[in-house]
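Analysis of the macromolecular model
In case you want the letters, here they are:
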Amino acid sequence: MIDDCTALILAGGASRRMGRDKTRIELHELQGRTLLQGCIDVMQPLFPRVLVSVAEFRDDIEVPQVYDEVALQGPLAGVCAGLKAIATPWIFVVAGDMPFLKPALIERLASFRGQGDAVVPLIDGFPQ
């Protein structure tokens, strides 16, 4: 358990290119669970608290939800809402359409806490 960190899952996007809320898509690989639920299921064993940032209340989410103060301002508004809601010194932020994250990767990223103000993975030199 990564005790000094809260997980924040961003699920407030409009999914304009998809045409529907992609976090609600069910996948066979997830035994019919949604992309968002798959992400929640990965995060819950790793963090003492998991929050989901949403545009408006969703009754299909069983973890606490936070809401953007200003609507339609993108993922940064969701991160700000999450930061206001946490009591831990660290926050792990992930998109709600990433249900196949590996716990070992999350724990590896968490191992770099304390070496700076943020831990951001680089792929081919580009921050993710």
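Preceding this section is the structure that the text describes.
Residues numbered from 1 in each chain as written. Predicted model: local features only at pLDDT ≥ 70, side-chain atom pairs only at ≥ 80, totals over all residues. Heavy atoms only, no water.

**Brief notes about the overall build of the protein**
Scanning the protein for helices and strands turns up 3 helices and 6 strands. Walking the protein from its N terminus toward its C terminus, one meets helices and strands in the order β-α-β-β-α-β-α-β-β. By the compact-globule yardstick of 14 Å for 128 residues, the protein fits well, its C-alpha radius of gyration being 14 Å. With respect to the principal axes defined by its C-alpha atoms, the protein has extents near 40 × 35 × 30 Å. Within the span of the protein, comprising 128 residues, buried residues form 38% of the whole. For the protein, contacts bridging at least 24 residues in sequence account for 62% of all contacts bridging at least 6. For the protein, the exposed surface amounts to about 8,100 Å²; the carbon and sulfur share of it is 56%. The average position of the 12 basic charges and that of the 16 acidic charges among the side chains of the protein differ by 4 Å. (Helix = DSSP H or I, 4+ residues; strand = E, 2+ residues; numbered from the N terminus. Rg over C-alpha atoms; globule rule 2.2 N^0.38 Å. Buried < 20%, exposed > 50% of the residue type's maximum accessible area, 1.4 Å probe, protein only. Contact = heavy atoms within 4.5 Å. Areas by Shrake-Rupley, 256 points an atom, 1.4 Å probe, with all protein chains shown as cover. Lys, Arg positive; Asp, Glu negative; His and termini not counted. Charge placed at Lys NZ, Arg CZ, Asp CG, Glu CD.)

**Here we look at the pairing of strand 4 (residues 90–95)**
By the alternation rule, side chains of strand 4 split into W90, F92 and V94, which are all buried, and I91, V93 and A95, of which none is buried. Looking at chain direction, strand 1 (residues 5–10) and strand 4 are connected through 6 bridges and run parallel. The residue of strand 4 that forms the bridge with T6 is I91. (Pairing = 2+ DSSP bridges.)

**Topic: the environment of I2**
Turning to its location among the elements, I2 is positioned in the segment before strand 1. As for I2 and I106, which are separated by 104 residues in sequence, their C-alpha atoms are 9.5 Å apart.

**Some thoughts on the nonpolar core**
With 24 residues, the main nonpolar core has I9, M43, F47, V52, F92 and I106 as its most contacted residues. Looking at this core, the elements with two or more residues in it are strand 1, helix 1 (35–43), strand 2 (50–54), strand 4 and helix 3 (103–110). Ranked by the residues each element gives to this core, the list is headed by helix 1, at 5 residues. Listed in part, the 7 residues of the second largest apolar core include L51, V79, A81 and I86. (Core = buried A, V, L, I, M, F, W, Y, C linked by side-chain atoms within 4.5 Å.)

**Topic: the sheet that holds strand 2**
Spatially, the 4 strands line up as an open sheet ordered 3-2-1-4, and their pairing is parallel. The open sheet has two edge strands with one neighbour each: strand 3 (65–67) and strand 4. Between one strand and the next, the sheet's axes are offset by a mean angle of 30°, whatever the strand orientation. Bridge count between strand 1 and strand 2: 4 bridges; the pairing is parallel. The residue bridging L8 from the neighbouring strand is L51, located in strand 2. (Axes fitted to C-alpha atoms, helices over the stretch in contact; angles between N-to-C directions.)

**Focus on the environment of L101**
Relative to the elements of secondary structure, L101 occurs in the loop between strand 4 and helix 3. On the accessibility criterion, L101 (16% relative accessible area) is buried. Put simply, L101 and G38 are 63 residues apart on the chain and 9.3 Å apart in space, counted from C-alpha to C-alpha. Discounting chain neighbours no more than four positions away, the residues touching L101 are V42, M43, V94 and I106.

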